[in-house]
Amino acid sequence: MRIGVPCERPDRPLVSATPQTAERLSRLGHEVLVERGAGLRASAPDEAYEEAGARLAERAEVWGCDIVLSTGTPSAEELDLMSRGAMVVGRLDPARHPELLESLRERGLTGVALDAVPRISRAQAMDVLSSQANLAGYRAVIEAAAHFGRLFSGQVTAAGKFPPAQAYVIGAGVAGLSAIGTAHSLGAIVRGSDVRPEVADQVRSMGAQFVPLPGAQEVSTDGYAKELGSDQEAAARALYAQQAAQADIVITTASIPGRQAPLLLERAAIEAMRPGSVIVDMAAANGGNTELTVPGEVVRTPGGVTIVGLLDLAGRLPAQASQLYGQNIVNLLALMTPGKDGVLALDLDDEILRSVTVVHDGSVLWPPPPISVSAAPSAPTGPSPEELQQAREQEAAQQALSRRRRTAGLALVAALAAVLVLVTPAAAASHYVVLTLAVILGFHVISNVTPALHTPLMSVTNAISGIILVGAISQVGSANPLISAVSFVAIVLATVNVFGGFAVTHRMLTMFRKD
């Protein structure tokens, strides 16, 4: 199949295939045609495409390919350039553009919406929304830092000290977690909230404090958060307002494709924020999460709060965004090209392909059948009383066996010690008392050392093995073969301990040295 990569409109800085992903498409047996200048804004010159095996072509030839890759919704003029039976792959936003689906149907085209990939494990490699949201979350923090005008991390200097910034992220999806991780890595104290209780551990794992919503919370069944009831929504807004008043940076991420973004921060909540605070509304393209958001603009309220309503945050990282977008397409077309022979197989029995195919064979297939992707853990079933009793009996039997083995081992050690004392000359018998006291004292000292000091303590005690080494060297020339053999073994083991101790110490000290 011939795959076309056209130039996008001026408001779209991404390109649907980079030289790297174009080469991977060629490995699937497809011929890749790239419109001249398509990747310039994503730092991908025409020469790089040619080196990757793609062929440069004019606009009409690119749109006339069997498969056309796009980063957004194509215009009617662009669809007119396509051949009947061809396929367009891109972010078609089918829920918000039913007229586009009808245009595809009338022209006999197949529409594949990358933004309709179901949120299941098998489809993660094709999920454009997640890959772009990850970059958008990172960029949201960078935009916040640019408008904040202060450092995120606190510092103590000779001229004074200042505390770290307080960041609050509403929504812990892909974008929210990315924003949390970025803000935390910059040194801010981060808090996060989400209507889904199952994401609390994910928020904490990124270094933030999870702030739960009051009352009952919704459990996800399709990968997106459910809408709250009126009472829950009022309680959630009160919590958002309270947390926002304490924060320097607020990032809102509540957005569901094809729907109006929910209102999270009202005018009163924004007016209660401190002057100099920054809000980055990542849902500006869908209407915004705040009452004062102006989509596509950065506004400053009379109270000194900056609201960033940029529409395409991922597009401000065009090179990486294009690479991830192109790789998502490669993964999807690899599913459609199982033989890697350039022959497309659109299997609508596959739940992924069925979900993304919105128009095919003269029919509109949107919306697709629902797929449950609940992330909530299933309730564990408790053991029966008989199983509990059996487990207790097995545990008691294991403990009794362990006690018997320990007693037998102590008896054997005592017997061997008694034999050793009996065969030892009387002049040396007193040394056993010193050895016994040393063992007892060493056990109590070592057992009370914190685990964090085990490694340095080991390196020091290994170095002390030099005492053993000196004693063994003095006895290795003894006329008694047994004493000589034991001394030789002691020399070998003590040497290993000494050099090993210094090696561990050296490695440990290098961890605290700056490059």
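Residues numbered from 1 in each chain as written. Predicted model: local features only at pLDDT ≥ 70, side-chain atom pairs only at ≥ 80, totals over all residues. Heavy atoms only, no water.

- For the protein, the name recorded in an unreviewed UniProt entry is proton-translocating NAD(P)(+) transhydrogenase, with Actinomyces capricornis as its organism.
- Word for word, the UniProt comment on the protein under Catalytic activity (unreviewed entry) is "NAD(+) + NADPH + H(+)(in) = NADH + NADP(+) + H(+)(out)".
- Listed under Function (unreviewed entry) in UniProt, the entry text for the protein is "The transhydrogenation between NADH and NADP is coupled to respiration and ATP hydrolysis and functions as a proton pump across the membrane." (UniProt positions renumbered as here; feature names shortened; annotations may be inferred.)

Quick notes on the UniProt feature "transmembrane region" (unreviewed entry) in the protein
Okay, so step 1: Mapped onto this structure's residue numbering, the UniProt feature "transmembrane region" (unreviewed entry) falls at residues 408-426, 432-450, 457-476 and 482-504.
Okay, so step 2: Span residues 408-426 is 84% helix and 0% strand, its end C-alpha atoms 29 Å apart.
Okay, so step 3: For the annotated span residues 482-504, helix accounts for 100% and strand for 0% of the residues, and the straight-line distance between the end C-alpha atoms is 33 Å. (Helix = DSSP H or I, 4+ residues; strand = E, 2+ residues; numbered from the N terminus.)

Looking at unusual backbone geometry
Okay, so step 1: The step from Trp366 to Pro367 runs through a cis peptide bond, and the omega angle for that step is 0 degrees.
Okay, so step 2: The backbone of Lys340 shows a phi angle near 50 degrees, a positive value even though the residue is not glycine.
Okay, so step 3: Its place among the elements puts Lys340 in the loop between helix 11 (318-336) and helix 12 (351-356).

Details of the pattern of salt bridges
Okay, so step 1: Counted under the stated rule, the structure contains 20 salt bridges.
Okay, so step 2: As a salt-bridge pair, Arg36 and Glu58 come within 3.2 Å of each other at their nearest N and O atoms. Of this pair, Arg36 sits in the loop between strand 2 (31-35) and helix 2 (46-51) while Glu58 sits in the loop between strand 3 (55-57) and helix 3 (59-63); the two residues are 22 residues apart in sequence, bridging distant segments of the chain.
Okay, so step 3: A residue is classified by how much of its surface remains accessible, and Arg36, at 46% relative accessible area, is partly exposed.
Okay, so step 4: When salt bridges that share partners are traced, they join Glu31, Arg55 and Glu61 into one network. (Salt bridge = Lys/Arg side-chain N within 4 Å of Asp/Glu carboxyl O. Buried < 20%, exposed > 50% of the residue type's maximum accessible area, 1.4 Å probe, protein only.)

Concerning the packing of helix 6 (residues 128-148) against helix 7 (residues 174-185)
Okay, so step 1: Remark: helix 6 packs on helix 7, axes separated minimally by 7 Å, with the N-to-C direction vectors making an angle of 35 degrees. Crossing of helix 6 against helix 7: the hand is right-handed. Every residue of helix 7 that contacts helix 6 at Ser130, Ala133, Asn134, Gly137, Tyr138 and Val141 is listed here: Val174, Ala175, Ser178, Ala179, Thr182 and Ala183.
Okay, so step 2: When its residues are assigned to classes, the contact of helix 6 with helix 7 shows seven nonpolar, five polar and no charged. (Axes fitted to C-alpha atoms, helices over the stretch in contact; angles between N-to-C directions. Left-handed = near helix turned anticlockwise from the far one by under 90°. Contact = heavy atoms within 4.5 Å. Nonpolar A, V, L, I, M, F, W, Y, C, P; charged D, E, K, R; others polar.)

Examining the sheet that holds strand 4 (residues 67-69)
Okay, so step 1: Read from one edge of the open sheet, eight strands run 3-2-1-4-5-6-16-17, paired in mixed fashion. Two strands close off the open sheet at either side, each with one partner strand: strand 3 and strand 17 (363-364).
Okay, so step 2: Pairing geometry for strand 6 (residues 110-113) and strand 16 (residues 357-360), over two bridges, is antiparallel. Across the sheet, the residue bridging to Gly111 is Val359, located in strand 16.
Okay, so step 3: Its contacts with the sheet place helix 5 (residues 98-106) against strand 5 (87-90), strand 6, strand 16 and strand 17, and it is angled at close to 35 degrees to strand 16.
Okay, so step 4: Contacting strand 1 (2-5), strand 4, strand 5 and strand 6, helix 11 runs over the sheet at an angle of about 140 degrees to strand 5. (Pairing = 2+ DSSP bridges.)

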